[in-house]
Amino acid sequence: MFVERPRSHVSALTPPREHFCDPAQFRRELEAIHFSMWLYAARADELPSVGSFVTRRFADAEVLLVRDEAGVLRAFHNVCRHRGTRLCHDEAGRVAGLIQCRYHAWTYRLDGRLEKAFHMEEVEGFRAEDFPLASVAVAEWGGFVFVCLSASPPPFAEHLAGLDVKFAAWQLDELVTVERRAYTLKANWKLVVANYHECLHCPVAHPQLNRLSHYLSGDNEPMQPTYMGARMELKPGVTTLSTSMSPPRSPLPGLNDEQRRHVYYYALLPNLLLNLHPDYGVAFRMNAAAVDRTEVVCEWLMHRDEVARPGFDASDAIDFWHQTNLQDWELSDLAQAGISSRGYRPGPYSNREDLLVAFDEWVLAKLVR
Amino acid sequence: MFVERPRSHVSALTPPREHFCDPAQFRRELEAIHFSMWLYAARADELPSVGSFVTRRFADAEVLLVRDEAGVLRAFHNVCRHRGTRLCHDEAGRVAGLIQCRYHAWTYRLDGRLEKAFHMEEVEGFRAEDFPLASVAVAEWGGFVFVCLSASPPPFAEHLAGLDVKFAAWQLDELVTVERRAYTLKANWKLVVANYHECLHCPVAHPQLNRLSHYLSGDNEPMQPTYMGARMELKPGVTTLSTSMSPPRSPLPGLNDEQRRHVYYYALLPNLLLNLHPDYGVAFRMNAAAVDRTEVVCEWLMHRDEVARPGFDASDAIDFWHQTNLQDWELSDLAQAGISSRGYRPGPYSNREDLLVAFDEWVLAKLVR
Amino acid sequence: MFVERPRSHVSALTPPREHFCDPAQFRRELEAIHFSMWLYAARADELPSVGSFVTRRFADAEVLLVRDEAGVLRAFHNVCRHRGTRLCHDEAGRVAGLIQCRYHAWTYRLDGRLEKAFHMEEVEGFRAEDFPLASVAVAEWGGFVFVCLSASPPPFAEHLAGLDVKFAAWQLDELVTVERRAYTLKANWKLVVANYHECLHCPVAHPQLNRLSHYLSGDNEPMQPTYMGARMELKPGVTTLSTSMSPPRSPLPGLNDEQRRHVYYYALLPNLLLNLHPDYGVAFRMNAAAVDRTEVVCEWLMHRDEVARPGFDASDAIDFWHQTNLQDWELSDLAQAGISSRGYRPGPYSNREDLLVAFDEWVLAKLVR
């Protein structure tokens, strides 16, 4: 159960204060990381039919995701091309065929084409086709919808980097969202990622988790260009992470014995954290709102057949992770508070925090590019 | 009813994001525009008698307006000349003959002269006449009181630029304030001005207004050095803007037939917006509080004879403009939100937004001076 | 009773706006003054036994004060040496023998030594003795505990500069804290100091104080390198400052007749203000939280024999100073508001504000060093 790690050296230190506290570095990270990579934006089941939309904030960007007449998902900047007015105001909803700006009624089709711009016929050189909504790249995997705000998005397959194959057995697009909870952390987004990628803190912070899965059972995959992750073993007799002794769900169909004995913790960088248990998934969608503020939406994903069963009840899994989330968010807030203070000095990582060292380096490499 | 405008060209674009979001540009605008020009500060009827005062905030300035012993309006920085303490704390009130600082009791006459500075007789070279309240220029027109925070205020007549003659028939100093409502917008002050100077948004945003006055009836005057404005025609059978089918007010005395058929919308830049209806006025006093925050006070002005009538009721006009204001402020907030976001790109003005093009240029010309 | 002061000259002016409003100057003051000098942090009786701790914020620093196994007071940055997590979360409390970080359970002895760092044995070059809590200098006088955040703290005796001798008769370590109240001011810390060091404002702002002690009876000591102060005489028949005509306390033992006739107001710079009355003390602990925000904790200190008396009641002294505090804090807030405004110009000090002139110069001398 105890997975060994190579010895490390005391010279591997946590980053300087600026890494977590400097607004200028944060701006550079937005450009080099968040606005250059693919961002997890929504579960596809949030956009069930033609005209369904969600709006999603990423730092100072706001994306409008909408399902068009052909059933295709489209993403746009949520801004009218006329005078820059914010277009859709609700976090989710449904428009009837067209998107109309509330200011001067410029009207767009669901594929972003400008359908009607009142009184622009008196403007020489104006052509509606020159003013579609500013489109944003969209891609989908396993029911997760991603957007990329870059002018030249990297190929999505390159971003996925084989995770679709690795997690094929989980049949993620068969999962539906049974609960969604929003949290706001007073912590830099990288502290949330760091918290996610080591379980050294589990015995002290998460006794309920440590009882079910030993904190030294973490088996890390080496850092990848777009993702990082590990799996941890469930203790003998334990079938999943839950507040219940007999969790009321069957394992996901298609998992082999080894997959049923582990929980997988993967970050598809920079903003999706994904926990895969034998019988359900938990996804964390992050928004790096400010250098010291991160918004996290946690989603509980369960198999559609399970959800359809009479008496379906997910509260054991919801309670388990809600409790664990609160513990983690408090620690992340305390880390931000301490690192922000005058007394902070970089400290030594243990060899069980090897993924954090790799992540720090990954961030710095992005910034120097 | 439909007033034609010259064709425009698609190259006339809304300004870049900085124009509405950059704190440095905002500071330059304060210096070059707000603190160089005359600012609307109060209706004279707010200061009815000797000792009446109001305090008014303009960005980081605070002005104390007071009526002195001779009945003359005086304006000062609301700051004690001793140690800089804020002098008057209420937004309006009445002082009994003298203005006394609550800190060390330095006492000023209503004309600003320092009357008493305790224990300063032991200070060599101290002469009370060297420390009057710092005065601010005051001027008055039609019951509107203006201040100018510049060290060399432009002549007020030059500022008025003939508006007194143009609107003489309305006898504005016969109007009294029957209602005053304060609003705070999360929008740059220029977006409020822009919203005011086009009615393209009226059909979609103000159906109640558009029923009474056609949005294409706007007849713009060309942009002037200190003001800009237009008039719009009332539809046949409509006598004013009101929620009532039979508004309970006579027209203002002295208006000719043409004046009774129009509503006039004028901005005396940078902070007074003035709607003149056949039977009442509405004034908007703005404070550009921050790059993305504007405080607006809306005042309803009616003829004194009307107000004196038994059963006088202004609620039809108050309700009409309060409703319209809320619609406009929401749009201005949405414009600020959209322009602030990463997705904003300058967009094309229509030829019915010609005053906005002129206003953008006016601002830029002020800044390069 | 009226203590004369030398004549002054009108050229002695209050500082320019930046002195109180510029965040950059504030940062320089933190470095040159607050983080270079000794700061009042706690009364020793807040840390009665082994493991007792308090946490104290000074701008962006947070200090953990704890009484170790040997009964010695220790101070540390309240930050774990591992990943920088804030260590202790309560403002006061008691730890059982060891200080443990809630994140990864790094555990420190009360003297700051790192006792246990889990899984660091796999880290080459790691030695627990290299990672004690970052210590902060501590000193004590008269029951007041001070810390110094400088890497090379000045000798504490040099800081005290004889105040221990001057106030020996008050036997300050016999006093216990009977009340503690926290206030937050929207004012620069130097305005609080300035307010404290003149009584010109007393007739207008503190009538209840001026009835007991004449505002012109202030007898200033010349400005010292680390402190400044004055004493004021009680009026005939008045025995202390109190809301009661017959304050229910004996004078402190050991005071002579002259000491019993005065109240002493001393600032041990930069953050302790100390009022010594014949029968009790009041201490103000300041935190310069931001350029325009100061947190003040006011403590009422009375003799332990008095406190032990049946029916002991301190409300007369508590009410008196709470009322006076509110008056002073409001004036300090108004001073900040006025000085922040565009209308502020430096104004002339009277000769009864000589300590303020000296304090302004003291600050500037610290900054140019």
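Source: prediction; values computed, not measured.

Asks: Quick rundown of the overall build of chain A? Include the residues and the values.
Replies: Of the regular secondary structure elements, chain A holds 11 helices and 19 strands. Reported as C-alpha extents along the three principal axes, the dimensions of chain A are approximately 75 × 55 × 30 Å. Intrachain contacts of chain A at a sequence separation of at least 6 include 67% that bridge at least 24 residues.

Asks: Could you give an account of the relation of the copies chain B and chain A, with specific residues and numbers?
Replies: If you rotate chain B by 120° and push it 0.2 Å along the axis, it lands on chain A with an RMSD of 0.1 Å. With respect to symmetry, the two chain copies, as superposed, fit the operation of a three-fold axis. In terms of C-alpha distance to the rotation axis, chain B has Pro23 of chain B as its closest residue, with the C-alpha 9.5 Å off the axis.

Asks: How would you sum up the interface of chain B and chain A? Please name residues and give values.
Replies: Listed per partner, the contact involves 27 residues of chain B and 27 residues of chain A. Contributions of two or more residues to the side of chain B that touches chain A are made by β1 (8-9), α6 (202-205) and α10 (315-340) of chain B. Counting residues per element, the side of chain B that touches chain A draws most heavily on α10 of chain B, which supplies seven residues. For the side of chain B that touches chain A, the class distribution of residues is 11 nonpolar, 12 polar and four charged. Here strand β10 (residues 123-124) of chain A runs beside β1 of chain B; their pairing, made up of two bridges, is parallel. Its bridge partner being in β1 of chain B, Glu124 of chain A is matched across the sheet by His9 of chain B.

Asks: I'd love a proper account of the domain arrangement of chain A, names of residues and values included.
Replies: All names here are of chain A. As assigned here, chain A comprises domain 1 (1-36 + 171-369) and domain 2 (38-153). Taken over C-alpha atoms, the centre of domain 1 sits 31 Å from the centre of domain 2. With 17 residues of domain 1 at the contact, the number on the domain 2 side is 12 residues. At the level of secondary structure, the elements contributing two or more residues to the side of domain 1 that touches domain 2 comprise α2 (23-34), β13 (175-185) and β18 (281-290). Sort the elements by how many residues they give to the side of domain 1 that touches domain 2 and β18 lands first, with four residues.

Asks: How would you explain the sheet that holds strand β9 (residues 114-116) of chain A if you had to name every residue and give the values?
Replies: Residue and element names in this part refer to chain A. Read across the sheet, three strands follow the order β7-β8-β9 without closing on themselves; strand pairing throughout is antiparallel. Here the strands that pair on one side only, and so sit at the sheet edges, are β7 (98-100) and β9. Within the sheet, the average angular offset between the axes of one strand and its neighbour, ignoring direction, is 35°. One ladder, built from three bridges, connects β7 with strand β8 (residues 107-109); its direction is antiparallel. Its bridge partner being in β8, Gln100 is matched across the sheet by Thr107.

Asks: Account for the interface of chain A and chain C, naming residues and giving values.
Replies: The interface of chain A with chain C comprises 27 residues on the first partner and 27 residues on the second. Counting only elements with at least two residues in the side of chain A that touches chain C, the list comes to β1 (8-9), α6 (202-205) and α10 (315-340) of chain A. It is α10 of chain A that provides the largest number of residues to the side of chain A that touches chain C, a total of seven residues.

Asks: Describe in detail the pairing of strand β3 (residues 52-58) of chain B, supporting the description with residues and values.
Replies: Residues and elements named next belong to chain B. The buried count for β3 comes to six of seven residues, which makes it a mostly enclosed element. In the sheet, β3 pairs with strand β6 (residues 92-94) via three bridges, with the strands oriented antiparallel. Residue pairing across strands places Phe53 opposite Gly93, the latter belonging to β6. Summarising the sheet, β3 and strand β4 (residues 61-67) pair through six bridges and their orientation is antiparallel. Looking at β4, one finds that Phe53 is bridged to Val66. Between β3 and β4, which pair antiparallel one after the other, the connecting turn spans two residues, and Ala59 there sits at a positive phi close to 50°.

Asks: Residues and numbers for helix α5 (residues 189-196) of chain C, please.
Replies: Buried residues dominate α5 of chain C, accounting for eight of its eight residues. Every buried residue of α5 of chain C is accounted for by Trp189, Lys190, Leu191, Val192, Val193, Ala194, Asn195 and Tyr196 of chain C.

Asks: How would you explain helix α11 (residues 354-368) of chain C if you had to name every residue and give the values?
Replies: Along an α-helix, residues three or four apart share an orientation, since each turn contains 3.6 residues. Residues and elements named next belong to chain C. With 15 residues, α11 should cover 21 Å at 1.5 Å per step; its first-to-last C-alpha distance of 22 Å lies within 8% of that length. Taken as a whole, α11 has its buried residues at Leu355, Leu356, Phe359, Trp362 and Val363. Down the axis, α11 shows its buried residues gathered within 115° of arc, on one side only. Across α11 from its buried face, at more than 90 degrees, point the exposed residues Leu364, Ala365 and Val368.

Asks: I'd like a description of the packing of helix α5 (residues 189-196) of chain B against α10 of chain B, backed by residues and values.
Replies: Residues and elements named next belong to chain B. Between α5 and α10, the shortest axis-to-axis distance is 10 Å and the interhelical angle comes to 130°. By the angle between their axes, α5 is oblique relative to α10. You can see that α5 and α10 cross each other, and the crossing is right-handed. Together, Leu191, Val192 and Asn195 of α5 and Asp328, Leu331, Ser332, Ala335 and Gln336 of α10 make up the contact between the two elements. Class assignment for the residues of the contact of α5 with α10 results in four nonpolar, three polar and one charged.

Asks: Summarise the pairing of β4 of chain B; cite the residues concerned and give the values.
Replies: Residue and element names in this part refer to chain B. For β4, the tally of buried residues reaches seven of seven residues, placing the bulk of the element in the interior. A two-sided burial pattern is seen for β4, the buried positions comprising Ala61, Val63, Leu65 and Arg67 on one face and Glu62, Leu64 and Val66 on the other. Where β4 lies against strand β5 (residues 73-77), five bridges are found, and the strand directions are antiparallel. Within β5, the position partnered with Leu64 by the bridge is Phe76. Between the antiparallel neighbours β4 and β5 lie five residues, among them Gly71 with a positive phi of about 85°.

Reading guide: rules and limits
- Residues numbered from 1 in each chain as written.
- Chains lettered and ligands numbered in written order.
- Predicted model: local features only at pLDDT ≥ 70, side-chain atom pairs only at ≥ 80, totals over all residues.
- Helix = DSSP H or I, 4+ residues; strand = E, 2+ residues; numbered from the N terminus.
- Contact = placed C-beta atoms within 7 Å.
- Least-squares fit on C-alpha atoms with pLDDT ≥ 70 in both.
- Nonpolar A, V, L, I, M, F, W, Y, C, P; charged D, E, K, R; others polar.
- Pairing = 2+ DSSP bridges.
- Domains from an automatic or database assignment.
- Axes fitted to C-alpha atoms, helices over the stretch in contact; angles between N-to-C directions.
- Buried ≥ 20, exposed ≤ 12 C-beta atoms within 10 Å, placed from the backbone.
- Expected span 1.5 Å × (residues − 1).
- Arc of directions from axis to C-beta.
- Parallel < 35°, antiparallel > 145°, perpendicular 65-115°, else oblique.
- Left-handed = near helix turned anticlockwise from the far one by under 90°.

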